[in-house]
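# Architecture at a glance
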Amino acid sequence: MRTREDLRQALRRIDGRGYPAYRDLEGSYDFGNWELRLDRAQPDPFASPSRFRVRVPGPAAGLPPEALATPLRRWATGDFLARAFHRALPRGGSLGSGKSGLIFIDAGEQEILPRTAVRVEPDGTVEVRFAAGLPAAGRRILGRAAEELLLERIPRAVAGSLLAGAHDRRALSAHLAAAEDHAWLQERLPAMGLVAFVADGSILPRESGVSQKPLPGAVPWVSPPELRVTVEFPNAGPVTGTGIPAGVTLIVGGGYHGKSTLLRALERGVYPHIPGDGRERVVTRADAWKLRAEDGRRVEGVDISPFIAGLPGGTDTRWFRTEAASGSTSMAANLVEALEAGAGLLLVDEDTAATNFLIRDARMQRLVPKEGEPITPFIDRVRSLYTDLGVSTVLVVGGAGDYLDVADTVILMQNYRPADVTARARQVAAELPARRQPEAPVPLSPPRPRWVDPDSLDPRRRGREKVRARDLDELAFGAESIDLSYVEQLVDPSQTRAIGGALLYALRQGLFRDRPAVAALAEALRVADEQGLEAWAGGGVPPGDWARPRLLELAAALNRLRTLRVLDREEGGRRPGGRRR
Ligand code: ADP
Ligand code: MG
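This one's a predicted model, so the numbers in the text were calculated from it and none came from an experiment.

Definitions and limits used
- Residues numbered from 1 in each chain as written.
- Chains lettered and ligands numbered in written order.
- Predicted model: local features only at pLDDT ≥ 70, side-chain atom pairs only at ≥ 80, totals over all residues.
- Heavy atoms only, no water.
- Helix = DSSP H or I, 4+ residues; strand = E, 2+ residues; numbered from the N terminus.
- Rg over C-alpha atoms; globule rule 2.2 N^0.38 Å.
- Buried < 20%, exposed > 50% of the residue type's maximum accessible area, 1.4 Å probe, protein only.
- Contact = heavy atoms within 4.5 Å.
- Areas by Shrake-Rupley, 256 points an atom, 1.4 Å probe, with all protein chains shown as cover.
- Lys, Arg positive; Asp, Glu negative; His and termini not counted.
- Charge placed at Lys NZ, Arg CZ, Asp CG, Glu CD.
- Near = heavy atom within 4 Å.
- Polar contact = N/O pair within 3.5 Å; in protein donor to acceptor, adjacent residues only side chain to side chain.
- Donors = N, O, S within 2.8 Å, 3.2 Å for Na, K, Ca; no water.
- Pairing = 2+ DSSP bridges.
- Axes fitted to C-alpha atoms, helices over the stretch in contact; angles between N-to-C directions.

## Digging into the overall build of the protein chain
Counting its regular elements, the protein chain contains 14 helices and 28 strands. What you see for the protein chain is a C-alpha radius of gyration of 26 Å, in line with the 25 Å of a compact globule of 581 residues. Based on the C-alpha atoms only, the size of the protein chain along its principal axes is roughly 85 × 55 × 40 Å. Relative to its full complement of 581 residues, the protein chain shows a buried share of 56%. Pairs at least 24 residues apart make up 71% of the contacts formed inside the protein chain by residues separated by at least 6 positions. When the accessible surface of the protein chain is split by element, carbon and sulfur atoms take 50% of a total near 24300 Å². The distance from the centre of the 80 positive side-chain charges to the centre of the 75 negative ones in the protein chain is 4 Å.

See below:
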């Protein structure tokens, strides 16, 4: 293998030459007790930066054995090291044109996620994947600046974050504890009869609409005595907090008292959070789904008939398709698709729901005959979702008091403090009957798994494969663009990139050919969990900027692809169809 001295000589040789000469540097270099690898030199200074890897063998990385003991600890250590590497990057700015000299590592934000930026092997080997701009002035190679980047900046970041002795052991151990305690409780919530846990002292509000950092000076969470439980975390030990029971839970209260803030914390509680976030011990069932309205979305072959039937014009809602759903039909489709993808908890906020999907009160029932109203409102389905399908709901309602009739638990938010008002709510419901007629006669059954036509997923644009996340909310897929703006539990653009990888992987492997769509995506996820997310990239240079999406978000992306065709149900999923007959 070439050495760092060879690299220095090579840089001096190509100094001043045309930019493509950087390609000659591709390959590995021995830096003593670690290795630098240039996987792909960028074609010009303004293209995406060049792809690098740093590989540190176990003994040189010197990670404590606890950090390597389980798969979870290894990926959480990877998440930790990506952040440490990012912090250790020298502050120095650009070293020339474009991105010259800049280093990019996918270090993540508040959530701790399995990500491809750092891979930690069971033997303690650490591999960091990052990008950097090879320096140039215009299109001429700046050899000196490249020396500064490759022989100074990168080695300093490696020494400051990846080598034995560089690790902040206490911070690492706190990071692992946060991830592990979260996963530990998440797995046990169902057996405890809970859908979520919010530890006392948690800080739920965020700094602003655009920052997920904790709000300074916020009122910490204090459990209502009736809902207080003590959890014995493996790392943190006993912690008291609010156990939100399975079933139907309402969050009520006046405007601006912290209802949506609590719901949003529960949405994010499916992921572990970094120490200091304030939500480290907010833990929500892994299969929670934020259910909301999304008018304008496309829907393809979804059976929304349990919620909406008899649309004007005779549309068959057992096989519903539209290019632009309304508020209520989009919400029904979002719900059925989430059930199909295995959701076990629905999180609903009145603020982002379609009112006519949620409720029809007694007066509307009298004025508009049932035959003229296609919607069976959620209020008449929310109990059977739980009793027939085992799916719980947490619903924020400020206005729709009829929901008191269907709730198991009612939490009142007042000045950011929760109170259990379940008993009082029962009393109110008895004193002031809602007088509405329940509208859902037949029990619910699980949605039929849909098969998709793989040919309807074309990742090519003008003949070339093009799948790229533009940002968190937008995934370019061939000639299409998948809009994920309303998929609210997608939290990291690296997840969006990984979703692109997963869809391509499922297609290439032919996973959609012999099983329903959700099963195909689940299989892709199983492979990634076993081998690492980079398995989706199918060999070659591993991506450095992917983070694990959940099955629910994978399915959500597929469902939002506008070219998607669902196969005809009568053909057992063998034949493209899906047209109404
Ligand atoms: P609601 O949904 O009840 O109308 P929100 O959850 O939107 O209320 O909260 C209203 C405001 O109060 C938000 O700006 C939020 O950041 C702030 N807030 C929420 N919880 C707290 C808290 N625990 N401490 C301080 N401010 C909070
Ligand atoms: Mg609100």
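## Observations concerning the site of ligand 1
Val219, Tyr256, Lys259, Ser260 and Thr261 are the nearest of the 13 residues found near ligand 1. Within the backbone of Tyr256, an N or O atom sits 2.5 Å from an oxygen atom of ligand 1. Between ligand 1 and Tyr416, the relevant distance is 3.2 Å, taken from an oxygen atom to a side-chain nitrogen or oxygen of the residue. Its free accessible area being 560 Å², ligand 1 has 80% of it covered by the protein chains.

## A short note on the side chain of Asp287
Residue placement: Asp287 occurs in the loop between β16 (282-284) and β17 (288-291). For Asp287, the residues in contact, after removing those within four places along its chain, are Gly342, Ala343, Gly344, Leu345, Arg550 and Leu552.

## Focus on the environment of Arg292
With respect to the helices and strands, Arg292 occurs in the loop between β17 and β18 (299-302). Relative accessible area serves as the criterion here: at 11%, Arg292 is assigned to the buried category. Separated by 55 residues in sequence, Arg292 and Leu347 place their C-alpha atoms 8.5 Å apart. Only 2.4 Å separates the side chain of Arg292 from the side chain of Glu488, close enough to count as a polar contact.

## Here's the deal with the coordination of the magnesium ion (ligand 2)
Distances from the magnesium ion (ligand 2) to its protein donors, Ser260 (OG) and Asp351 (OD), fall at 2.1 to 2.4 Å. Placement of the pair is Ser260 in helix α6 (residues 259-268) and Asp351 in the loop between β20 (345-349) and α8 (355-358), with a sequence separation of 91 residues. Relative accessible area serves as the criterion here: at 15%, Ser260 is assigned to the buried category. Residue Asp351 is classed as exposed on the basis of its relative accessible area, which comes to 63%.

## Quick notes on the sheet that holds strand β10 (residues 194-199)
Sheet architecture is open: four strands sit in the order β13-β14-β10-β16, paired in antiparallel fashion. Each edge of the open sheet is held by one strand with a lone partner, namely β13 (228-233) and β16. Strand after strand, the sheet turns through a mean of 35° between neighbouring axes, direction not considered. Bridge count between β13 and strand β14 (residues 237-245): six bridges; the pairing is antiparallel. Counted as the bridge partner of Phe233 is Gly237 from β14. The strands touched by helix α5 (residues 169-188) within the sheet are β10, β13 and β16, with β13 carrying the most contacts at an inclination of about 120°. With respect to the sheet, α6 is in contact with β10, β14 and β16, its orientation differing from that of β16 by roughly 70°.

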